[in-house]
Amino acid sequence: MLRAGTTKLATAAALPICEQQRGMATLKDISLRLKSVKNIQKITKSMKMVAAAKYAKAERDLKGARSYGVGAKAFFDNIDPKTEEAAGETKKKQLLVLITSDRGLCGAVHSSIAKEAKNILNHKAADVDYKLVTIGDKSKAALQRVFASTIALSGNEIGRTPPSFEDAAIAAQAILDSGIEFDEGTILFNKFKTVVSYETSKLPILPLEAIKAKEALNTYDSVDDDVLQSYSEYSLAQLIYYAMKENATSEQSSRMTAMDGASKNAGEMIDKLTLAFNRTRQAVITRELIEIISGAACV
């Protein structure tokens, strides 16, 4: 009992010093964390302003770019109706073109594309062979670990500047020159709806041979092989350009929303840390005053 009591007395005697040291250390930690959160809030606010300016420009450009996608999509819908099924075909070669960018901090814009691609690849039939073309490092990074063997082509340096038709033409030419053989293709991108919403969408693409095999192509007059080849190459660039514009607008709006949310969260954290800092500082001051008064009383 004596040992237990002695231990308790020793612990009680050492407690004020330990609490004071712990309080001073906590005060310093809170101060450093408060400063760090304030710096983060400045960065997120700046990123929100930059994203808002880029979003305004991207939305203006999107109105003109949509005509490219609507025209090319109408052609593919006319020659390849949804009711038409491929008969007697046991194996298909499919192409997936994923439209993302190299930059993050924009919510689930890129992960939604990767999630849709994984869903397609995980639920594919055994006799279907998929090849991936990743435009943007984010889609490649998300799929490289599990589906590295299916990635046939990748491109980066996307997202630093607004996408142009030249960028889409380079991507389309790279696909055509790569020698990838496919019977059908799909472009995965995020379609812009409102400032706070977007929709992961698909665009169909067909190679030249598949276009020639469509019976509905006879509805178009004076379509020879040279014209059809030129248009198939141009329509691929059209669809990629349209998808890149839609995705860029969705990315900027999502980044603006994400940075706004991050700034608000940082503000709430600053308020809580400021309150904790003031309470801790008051506790330290009170403890020091008690020690001074106690020492004066003993003297």
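Residues numbered from 1 in each chain as written. Predicted model: local features only at pLDDT ≥ 70, side-chain atom pairs only at ≥ 80, totals over all residues. Heavy atoms only, no water.

A. Structural detail: the overall build of the chain. Summing up its helical and strand segments, the chain has six helices and five strands in all. Mapped in sequence order, the helices and strands of the chain form the string α-β-α-β-α-β-α-β-β-α-α. The burial tally for the chain puts 36% of its 299 residues in the buried class. Long-range contacts, defined as pairs at least 24 residues apart, comprise 79% of the intrachain contacts of the chain with a sequence gap of at least 6. Approximately 17,800 Å² of the chain is accessible, and the part contributed by carbon and sulfur atoms is 56%. (Helix = DSSP H or I, 4+ residues; strand = E, 2+ residues; numbered from the N terminus. Buried < 20%, exposed > 50% of the residue type's maximum accessible area, 1.4 Å probe, protein only. Contact = heavy atoms within 4.5 Å. Areas by Shrake-Rupley, 256 points an atom, 1.4 Å probe, with all protein chains shown as cover.)

B. The arrangement of the packing of aromatic side chains in detail. Counted by the stated rule, this structure contains seven aromatic pairs. Centroid distance Phe 75 to Tyr 231: 4.8 Å. Interplanar angle 75 degrees. Geometry classified as edge-to-face. With Phe 75 in helix H1 (residues 2-79) and Tyr 231 in helix H6 (residues 225-298), this residue pair connects regions lying 156 residues apart in the sequence. Members of the aromatic cluster, connected to one another through ring pairs, are Tyr 68, Phe 165, Tyr 234 and Tyr 241. (Phe/Tyr/Trp six-rings, centres within 6.5 Å; stacked < 30°, edge-to-face > 60°.)

C. Quick look at the confidence of the model for the chain. Model confidence for the chain is summarised by a mean pLDDT of 83, while 87% of its residues fall at 70 or above. Contacts of residues 1-25 to residues separated by more than four positions or lying in other chains number eight contacts, the stretch itself having pLDDT below 50. This model gives residues 83-88 a pLDDT under 50, and the stretch forms three contacts once residues within four places in sequence are excluded. (pLDDT = per-residue confidence, 0-100.)

D. Up close: the nonpolar core. With 35 residues, the main nonpolar core has Leu 95, Val 97, Ile 99, Ile 135, Ile 187, Ile 211 and Ile 240 as its most contacted residues. If near-sequence neighbours (up to four positions away) are discounted, Ile 135 is found in contact with Val 97, Leu 98, Ile 99, Thr 100, Ser 101, Gly 155, Ile 158, Ala 171 and Ile 240. The next biggest cluster of nonpolar side chains, apart from the first, holds 13 residues, and it includes Ile 113, Ala 117, Tyr 130 and Leu 143. (Core = buried A, V, L, I, M, F, W, Y, C linked by side-chain atoms within 4.5 Å.)

E. Summary view of the pairing of strand S5 (residues 197-205). With nine bridges joining them, strand S4 (residues 184-194) and S5 adopt antiparallel strand pairing. The residue of S5 that forms the bridge with Phe 192 is Tyr 198. The loop that links S4 with its antiparallel partner S5 comprises two residues. (Pairing = 2+ DSSP bridges.)

F. Structural context of the pattern of salt bridges. Counting across every chain of the model gives 10 salt bridges. Glu 116 is the salt-bridge partner of Lys 202, the closest N and O atoms lying 3.5 Å from each other. Residue Lys 202 is found in strand S5, and its partner Glu 116 is found in helix H2 (residues 109-122); the two are separated by 86 residues along the sequence. Among the residues examined, Lys 202 registers a relative accessible area of 45% and is labelled partly exposed. For Glu 116, a relative accessible area of 23% gives the class partly exposed. Here the residues in one salt-bridge network are Lys 48, Asp 260 and Lys 264, joined through shared partners. (Salt bridge = Lys/Arg side-chain N within 4 Å of Asp/Glu carboxyl O.)

G. Molecular detail of the side chain of His 110. Structurally, the position occupied by His 110 is in helix H2. When its relative accessible area of 9% is taken as the criterion, His 110 is described as buried. A distance of 3.3 Å separates polar atoms of two side chains, one belonging to His 110 and the other to Ser 101. The contacts of His 110, once residues within four sequence positions are left out, are Thr 100, Ser 101, Arg 103, Lys 138 and Glu 251. (Polar contact = N/O pair within 3.5 Å; in protein donor to acceptor, adjacent residues only side chain to side chain.)

H. Representation of a nonpolar patch on the surface. Taken together, the side chains of Ile 285, Leu 289, Ile 292 and Ile 293 define a hydrophobic patch exposed on the protein surface, amounting to about 400 Å² of accessible area. Here Ile 285 is to be found in helix H6. When its relative accessible area of 38% is taken as the criterion, Ile 285 is described as partly exposed. (Patch = residues over 30% accessible without salt bridge, like charges linked within 9 Å, V, L, I, M, F, W, Y side chains within 5 Å.)

I. Main features of unusual backbone geometry. Of note, Leu 105 is a non-glycine position whose phi angle comes to about 55 degrees, a positive value. Along the chain, Leu 105 turns up in the loop between strand S1 (92-99) and H2. Classification of Leu 105 by relative accessible area gives exposed; the value is 57%. Of note in this structure, Glu 157 is not a glycine but carries a positive phi near 60 degrees. Locating Glu 157 in the fold gives a position in the loop between strand S3 (151-155) and helix H4 (165-177). A relative accessible area of 54% means that Glu 157 is categorised as exposed.

J. Highlighting the pairing of S3. Strand direction decides the pairing type here: strand S2 (residues 128-135) and S3, joined by four bridges, are parallel. When the bridges of S3 are listed, Ile 135 appears paired with Gly 155.

K. Geometry of the layout of surface pockets. Roughly 310 Å³ of volume is contained in the second largest pocket. Along the wall of the second largest pocket there are 14 residues; nearest its centre are Leu 176, Phe 182, Pro 207, Leu 208 and Ser 232. When residues in the lining of the second largest pocket are grouped by element, the largest group, four residues, is from H6. (1 Å grid on protein atoms, 1.4 Å probe; cavity = no way out; pocket = protein on both sides within 12 Å on 5 of 7 lines; lining within 4 Å. Points joined across faces, edges and corners; volume = space filled by probe spheres on them.)

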